[in-house]
Amino acid sequence: MTRLELPVSAEKISELKTGDVVKISGVMVTARDAAHKFLIEHFIERSPAPEEKDLYDKLSSVLKDGMIYHCGPVVAEENGKYRFVAAGPTTSSREEPYESHVIEKFGVRGIIGKGGMGDQTLEACKKFKSVYLHAVGGAASLLANSVVDVIDVYMKEEFGVPEAFWVIRVKDFDAVVTMDSHGNSLHKTIAKASSEIFNDLIRKISKG
Amino acid sequence: MKTYPEFCEWVVEFIRRTSVDLPVDVENAIDVAKGAEDPGSPADNVLNVIKENIRISREQSTPLCQDTGTNVFYVYHPAGPSTREMSEDIVEACKEATKRSYLRPNAVDSLTNKNSGNGVGRAQPWIHFEEWNRDDVWIRLMLKGGGCENCGTQYALPDRRLKAGRDLRGIEIVVLDAINNAQGLGCGPGFIGFCVGGDRASSLSEAKKQHFKKLDEANEVPELRALEERLYEKANTLSIGPMGFGGKTTVLGVKGSYLHRLPACFFVSVSYMCWACRRRDMWIKNGEMRID
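Conventions and cut-offs
- Residues numbered from 1 in each chain as written.
- Chains lettered and ligands numbered in written order.
- Predicted model: local features only at pLDDT ≥ 70, side-chain atom pairs only at ≥ 80, totals over all residues.
- Heavy atoms only, no water.
- Helix = DSSP H or I, 4+ residues; strand = E, 2+ residues; numbered from the N terminus.
- Rg over C-alpha atoms; globule rule 2.2 N^0.38 Å.
- Buried < 20%, exposed > 50% of the residue type's maximum accessible area, 1.4 Å probe, protein only.
- Contact = heavy atoms within 4.5 Å.
- Buried area = accessible area lost by both parts, 1.4 Å probe.
- Polar contact = N/O pair within 3.5 Å; in protein donor to acceptor, adjacent residues only side chain to side chain.
- Nonpolar A, V, L, I, M, F, W, Y, C, P; charged D, E, K, R; others polar.
- Pairing = 2+ DSSP bridges.
- Domains from an automatic or database assignment.
- Salt bridge = Lys/Arg side-chain N within 4 Å of Asp/Glu carboxyl O.
- Axes fitted to C-alpha atoms, helices over the stretch in contact; angles between N-to-C directions.

**Description of the overall build of chain B**
Stage number 1. Assigned secondary structure in chain B consists of 8 helices and 9 strands.
Stage number 2. A compact globule built from 292 residues should have a C-alpha radius of gyration of about 19 Å, and chain B, at 19 Å, falls within 12% of that.
Stage number 3. The principal-axis extents of the C-alpha atoms in chain B amount to approximately 55 × 50 × 45 Å.
Stage number 4. Across the 292 residues of chain B, 58% fall into the buried class.
Stage number 5. Of the contacts made within chain B by residues no fewer than 6 positions apart, 78% connect residues no fewer than 24 positions apart.

Here it is as C-alpha cells:
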C-alpha cells in the first residue's frame, strides 16, 4: 500500500504501477459532466473572462499537482456547514473527450473515478505524468467517511449539488491505480481478455 | 391522502430503507461471490469494500450509493383509493427524502441542464399504478442509478454483426454481448434483466422490471429458466469480475421475460443493475404498513 499526500509530485506519480493500492490524503476537487464541459469551454478554449478570473485562480491552485474526483455526492447542510453523506465515484468514461485537455492545462496528477478511461486519457497520463485511480463504485457511505472536511463549493447554483465543484479534504481515501503513467491500463487488458472469451462463446453457441 | 392519512410518511421511510439497506437475497449473493474469489486478489478487495459499505450504510442510515437513481414505483391497489392522491403523496415523499439526504437531488432539466434541486421532475419519480382484485396495497420501489442504466441496451434481431438470429441462440448471444460491453462500467458484479419481444418501450420497461424478482424466484417459463442458467454460467466465464478488475463473478443473477411481438420486430432488451440492487416492498393492510 502506498500513501499519497496532495499535492503530489510528478516523480512520485511515476513510481505508481497499475494494481497498486493507495491511500490518498489532502485537498482534492470533485468535477463531473457539467464541470468538465465548463472547464473546456471557459478556461481552455478561451481565456477566463474577467468575472471568472477568481474561480479560475482558485481551481488552478487546487488542480495543480492535485486530483480530480469524478463524484456527484449527497451533501447535507447543517448549521451553514456542508457534510458529505454519500460520495462514491461516478463513471469516468463520459469525461474522455475532455480529460486529457484538463490534465494538460492544469497539471492534474490524478483522476479518481470508476470504470476507467480511454486511450486519449491514457496518452495524457503518460505525457504529463498523471494516473487514473479507481475507487469502488457504489461504496458511497464508506468513501464519504474519508471526506473529513468540505472546504468550499463552486458553481453549486448553476450545476446543482451533484455536478458542482466541491473542494474537499480527504484522509486515507482508498483507491487502486488502474491506468499508470507508463501507458498501462488494467481496463484494456481485462476487456481484451473477456472479448476473446466472448468470441469463443458465441462461436460455440452458433454451432449449437 | 384521505384513505391512508400517514401514507406520505410511510413512503419516506420506505425510501430510506431502500436507499440505505440491501435486500437479504442480494446481500447473500455478494457473500457467495466473496467466498469464490482468491483471498487478497483485487476482486476480493473490492468485495470486502462492498461488504463494509453495506454494513456502514445500514448502521449510519446513509445511502449505499450516492446515485440514488430513478425512483421507480409499481403500485398495486384495490378499487377505491385515489391514485391521483397516492401519486401526489409519493412525489411529496421523494422531496422529503431528498431533504433528509436519503435521496440525492436527481432530476436535471434535459433542455436547460438545471437541477430541480428537490429530487423530482418529469418522470422522476416514475410511478406505475395497477388495480388488483385484493383489499391490500402492494408497492414496489427500485432505486436504479445512472451508471448501470447507461449499460442498458436493446438489440433488433437478426443482428448481422453478431450473427444472432431470431431464436434462443440469438437471444443468448446478444445478452452476452451486452454483458461483455458493460465491462466494469455498471458497477459489477451486476444483475441482468432481459426481455424478448414487445415494442421498443414495453421491452425495455419489462427488462428493467426483472430486477424486482428475488434471486431464488424460479422462472415459470422453462425455456427462459434454462436460458437464464446458461447466461449466468457463461457470463461468469468472461472473467470481467467485480468493478471490471478481473475475477470469478461478473454477474450475480440473470432474470428474463418475454412479450408478444409484431411480426416485423424482434427486440431483445437488456437492463443492467449494479451490485447495489436497491429494491423493497411495502404492504398496506387493515390500515397498517409493513416494509419487506
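**Here's the deal with the interface of chain A and chain B**
The parts lose accessible area when they come together, and the size of an interface is often stated as this lost area.
Stage number 1. In this assembly, 46 residues from chain A lie in contact with 42 residues from chain B.
Stage number 2. Roughly 3500 Å² of surface becomes buried between chain A and chain B when both sides are summed, with 63% attributable to carbon and sulfur atoms.
Stage number 3. The interface formed by chain A and chain B contains 19 residue pairs in polar contact (both at pLDDT 80 or more).
Stage number 4. Looking at the side of chain A that touches chain B, the elements that each hand over two or more residues are β4 (74-78), β5 (81-86), α6 (140-144), α7 (156-159), β9 (165-179) and α8 (186-207) of chain A.
Stage number 5. Ranked by residue count, the leading element in the side of chain A that touches chain B is α8 of chain A, at 12 residues.
Stage number 6. For the side of chain A that touches chain B, the residue count by class is 24 nonpolar, 16 polar and 6 charged.

**A short note on the pairing of strand β8 (residues 278-285) of chain B**
Residues and elements named next belong to chain B.
Stage number 1. Counting buried positions along β8 gives 7 out of 8 residues, so the element sits mostly inside the fold.
Stage number 2. Here strand β3 (residues 137-144) pairs with β8 via 7 bridges, running antiparallel. Looking at β8, one finds that Leu-141 is bridged to Arg-280.
Stage number 3. Sheet topology note: the β8/strand β9 (residues 288-291) ladder contains 4 bridges and is antiparallel. Among the inter-strand pairings, Met-282 is bridged to a residue of β9, identified as Ile-291.
Stage number 4. Hairpin remark: β8 followed by β9, antiparallel, with 2 residues in the connecting loop; positive phi at Asn-286, about 50°.

**A few points about the domain arrangement of chain B**
All names here are of chain B.
Stage number 1. Domain annotation for chain B reports domain 1 (7-18 + 64-145 + 278-291) and domain 2 (147-273).
Stage number 2. One C-alpha centre belongs to domain 1, the other to domain 2, and the line joining them spans 26 Å.
Stage number 3. Listed as interface residues are 13 residues of domain 1 and, on the opposing side, 14 residues of domain 2.
Stage number 4. Interface area for domain 1 against domain 2, summed over the two sides, is near 1200 Å², with a carbon-plus-sulfur share of 56%.
Stage number 5. In this structure, Lys-214 and Asp-281 form a salt bridge, with 3.6 Å as the shortest nitrogen-oxygen distance.
Stage number 6. Taken together, domain 1 and domain 2 are joined by 6 residue pairs in polar contact (both at pLDDT 80 or more).

**Side note on the sheet that holds strand β1 (residues 70-77) of chain B**
All names here are of chain B.
Stage number 1. Spatial strand order, β2-β1-β3-β8-β9: 5 strands in an open sheet with mixed pairing. Of all strands in the sheet, those bounded by a partner on one side alone are β2 (126-131) and β9. Shown here is a sheet whose adjacent strand axes are inclined to one another by a mean of 15°, direction ignored.
Stage number 2. Against the sheet, helix α1 (residues 7-20) makes contact with β1, β3, β8 and β9, and its axis sits at roughly 150° relative to β8, the strand it touches most.

**Considerations on the pattern of salt bridges**
Stage number 1. One pass over the full model with this rule turns up 43 salt bridges over all chains.
Stage number 2. Asp-172 of chain A is the salt-bridge partner of Lys-171 of chain A, the closest N and O atoms lying 3.5 Å from each other.
Stage number 3. Asp-172 of chain A sits in the partly exposed class, given a relative accessible area of 24%.
Stage number 4. The salt bridge involving Arg-55 of chain B is made with Glu-52 of chain B; its shortest N-O contact spans 2.9 Å. Pair noted here: Arg-55 of chain B and Glu-52 of chain B are both in helix α3 (residues 42-60), with a separation of 3 residues, about one helical turn.
Stage number 5. Assessed through its relative accessible area of 37%, Arg-55 of chain B is described here as partly exposed.
Stage number 6. Where salt bridges share partners, they join Glu-9, Glu-96, Lys-99 and Arg-100 of chain B into one cluster.

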